[in-house]
Every structure is written in C-alpha cells, then in structure tokens.
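Analysis of the macromolecular model
Below are the chains, spelled out letter by letter.
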Amino acid sequence: MRDKILQDIKDALQEGDRDGVAEKTRFALNSGVEIKAILDNSLIAGMEIIGGKFKRNEIFIPEVLISAKAMHAGMAILEPYFTKHGIKPIGKVAIGTVKGDLHDIGKNIVSMMLKGACFDIEDFGIDVPPEKFVDAVKTKGAEILVLSALLTTSMNSMRDTIAALKYAGVRDKVKVMVGGAPVTQGFADSIEADGYAKDAATAVDKAKELLSKAI
Ligand code: B1M
C-alpha cells in the first residue's frame, strides 16, 4: 500500500499532473507515509527521472516545466512539516540572471530543478548586479551562486561578479556556477568559475558535486 501511494505520486509528477500530485501527497500524509519518503521516493525521484529524460532529449522544456510545477505543488504541501521533522535542505543557493540581462525562462527552470533536488533557493530574478551576489555570500551564507546569461554581452557580468567576490574577500567562501545558451566550459574556465552546466538537469548534478567538495 505504502509503495503504491509513493509510486502514484511519482507517476503523477512525471505526467505533469499538478492537482494529482497535490491530492496524492495529501493522501500519503493522511495515510501516515513519512514526509522523507514522499520527498525522496516520489518528488525528488520523479524529478530525477524527468531530468534524465530531458538530458537524453526524450522530453523537452515544456514537459520539464509542467512536471516542475507539479513537483512544486507537492512540495508546497510538505514544506510546513519540514522543520518539524528535521528535514534540512542540502545546500543554500543564490541564483540570478546577471546584470544587463533580462532573460529568465532558462534561469527559472534551473531554479525549479534545484529546488526539486532539495536545495534552499534564493532567486534574485533578472539584471542582478555583482554586489547582490556578494551580499548573498556575506550576509546570507550562500554556498553556491548560480549565474545565468543569455547574451554574449552580459557574459561579462559573470566575470565582473567573480571579480567582485574576490575584491570583497569572499571568493573562497562560495562555489560559482555559470550557464546559459552562449556560455561554454571554456568561458567558465577563463573566468575561473567553479562549474559550468549546459542545462538544468546537469546544473543539479554539478551543484551536488560542488557541495561535496569542501569549500
Ligand atoms: Co532575447 N535574445 N533578447 N529575448 N531571446 C536571445 C537570447 C537571442 C539568441 C535571439 C537571437 O538573436 N537569435 C539574442 C542574443 C544574441 C547574443 O547575445 N548572442 C537575444 C537578444 C539579442 C535580445 C535583445 C537584445 C533583443 C533586443 O531588444 N534587440 C533583448 C535583450 C534584453 C536584455 O536582456 N537586456 C532580448 C529580449 C528578449 C525578450 C524579453 C523578448 C525574451 C525574454 C523573455 C524572458 O526570458 N522572460 C527573449 C527571448 C525569449 C529570447 C529567445 C527567443 C529564447 C530564450 C529562451 O528563453 N530560451 C532567445 C533565442 C533562442 O534561444 N532561440 C533570445 C529557452 C530557455 C529554456 O533556454 O535560457 O538557454 P535557456 O536556458 C537553458 C540553458 O541555457 C540552461 O538551462 C536552461 C534549461 O535547460 N541554463 C543554465 C540557463 N541558465 C543557466 C544557468 C546555469 C546552468 C544552466 O548555471 C549553472
């Protein structure tokens, strides 16, 4: 019974059935299924399958977005219980589209996927100046900064952000990940970013990998 309830949530998530995920998550809670099992075995496991399919080009951005929204519906029901049951996020991330750049569709997908993987996300939105990222490290304890850029011109703001972190003396306190259509591994290396990811699913893997390395 318990396994079937968990599987039903996972299936609904993969189908992008937002109401179904919410209803089945509520049902699981009322049936006494543990929060952590719902989180790990249904919501996160379901999003991992979606991430894998996206990486293999078996599904595309609209399907990822629909499933991510369904996942959020389940998370919204679980979140009030997290603290009570001692469930901690796996890391603190500040994300934003860098200064000079107003594109946010891809950044939002990355943000949602990271949230689905249980990262604590602070999303600064678009046109984010370097100082805001510096402040996230200094005053909010961000462990990873995720910078998105869609314009070749705004890629320079990624370089500026890393320079600002160095200037503020906090570069060694945070891992910096960069991505977005014009960004490449070569560019990431040239600005001394800690990581590059070509898509949202890879960004989740990279963030986990960076966290496992001591800061
Ligand atoms: Co703009 N735009 N746009 N635009 N726009 C592009 C990017 C462009 C390639 C179109 C073109 O000319 N062919 C071009 C850039 C050229 C260049 O610099 N090389 C361009 C331009 C020039 C402009 C303006 C300058 C146009 C103008 O006003 N003359 C202007 C710039 C405004 C500004 O930012 N200052 C502009 C404006 C806009 C709109 C506002 C109209 C709109 C944005 C709406 C919004 O985002 N809310 C828009 C759009 C929609 C596009 C296109 C059509 C689509 C971008 C998109 O959302 N893709 C785009 C052309 C195209 O790509 N076909 C274009 C879908 C999205 C899911 O993909 O963002 O790549 P993407 O995200 C992926 C990955 O890149 C990755 O994961 C995501 C999911 O897998 N990823 C990361 C993203 N961030 C990551 C961070 C990570 C890791 C992975 O961190 C680790």
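None of these values were measured; they are calculated from a predicted model.

Structurally, Ser42 can be placed in helix α3 (residues 35-55). On the basis of relative accessibility, which here comes to 0%, the residue Ser42 falls in the buried class. One polar contact links the side chain of Ser42 to the main-chain carbonyl oxygen of Leu6, over a distance of 2.9 Å. Here Ser42 is in contact with Leu6, Ile9, Lys10, Leu13 and Ala37, once residues within four sequence places are set aside.

What follows is about the pairing of strand β2 (residues 120-123). In the sheet, strand β1 (residues 92-97) pairs with β2 via four bridges, with the strands oriented parallel. When the sheet's bridge partners are listed, Ile95 is paired in β2 with Asp123. Between the parallel elements β1 and β2, the chain passes through helix α5 (residues 105-116) in a crossover that is right-handed.

What follows is about helix α2 (residues 18-30). A rise of 1.5 Å per residue sets the reference length of α2, with its 13 residues, at 18 Å; its end C-alpha atoms lie 19 Å apart and thus fit the reference within 8%. Along its buried surface, α2 packs onto α1 (2-14), α3 and α4 (61-82). Phi for Gly32, located one or two positions after α2, is positive at around 90°.

Moving on to the site of the ligand. The full set close to the ligand counts 26 residues, and Leu102, His103, Asp104, Ser148 and Thr152 are the nearest of them. In this structure, an oxygen atom belonging to the ligand sits 3.4 Å away from a main-chain N or O atom of Gly179. Ala181 has a polar backbone atom sitting 3.2 Å from an oxygen atom of the ligand. For the shell around the ligand, the secondary structure elements donating two or more residues are α5, β3 (144-148) and β4 (175-179).

It is possible for side chains of opposite charge to pair when their charged atoms get near one another. Counting across every chain of the model gives 14 salt bridges. Ionic pairing is found between Lys92 and Asp120, a salt bridge with its closest N-O pair at 3.5 Å. Taken as a pair, Lys92 in strand β1 and Asp120 in strand β2 lie far apart in primary sequence, 28 residues in all.

When the parts of a complex come together, some accessible area is lost, and that lost area is often used as the size of the interface. The assigned domain composition of the chain is domain 1 (2-81) and domain 2 (92-214). For domain 1 versus domain 2, the distance between C-alpha centres works out to 26 Å. Buried area between domain 1 and domain 2, both sides added, is near 1200 Å², and the carbon and sulfur share of it is 76%. When the buried surface of domain 1 facing domain 2 is broken down by residue, Lys55, Leu65 and His72 rank first, second and third, together holding 35% of it. The tally of links between domain 1 and domain 2 comes to two salt bridges. For Lys55, the salt bridge is made with Asp205, and the minimal N-O distance between the two is 2.4 Å. At the boundary of domain 1 and domain 2, one finds two residue pairs in polar contact (both at pLDDT 80 or more). For the side of domain 1 that touches domain 2, the secondary-structure elements that each account for two or more residues are α3 and α4. Top element by residues in the side of domain 1 that touches domain 2 is α4. It accounts for eight residues.

About the criteria used
- Residues numbered from 1 in each chain as written.
- Predicted model: local features only at pLDDT ≥ 70, side-chain atom pairs only at ≥ 80, totals over all residues.
- Heavy atoms only, no water.
- Helix = DSSP H or I, 4+ residues; strand = E, 2+ residues; numbered from the N terminus.
- Buried < 20%, exposed > 50% of the residue type's maximum accessible area, 1.4 Å probe, protein only.
- Polar contact = N/O pair within 3.5 Å; in protein donor to acceptor, adjacent residues only side chain to side chain.
- Contact = heavy atoms within 4.5 Å.
- Pairing = 2+ DSSP bridges.
- Right-handed = clockwise from strand over helix to strand, strands pointing away.
- Expected span 1.5 Å × (residues − 1).
- Near = heavy atom within 4 Å.
- Salt bridge = Lys/Arg side-chain N within 4 Å of Asp/Glu carboxyl O.
- Domains from an automatic or database assignment.
- Buried area = accessible area lost by both parts, 1.4 Å probe.

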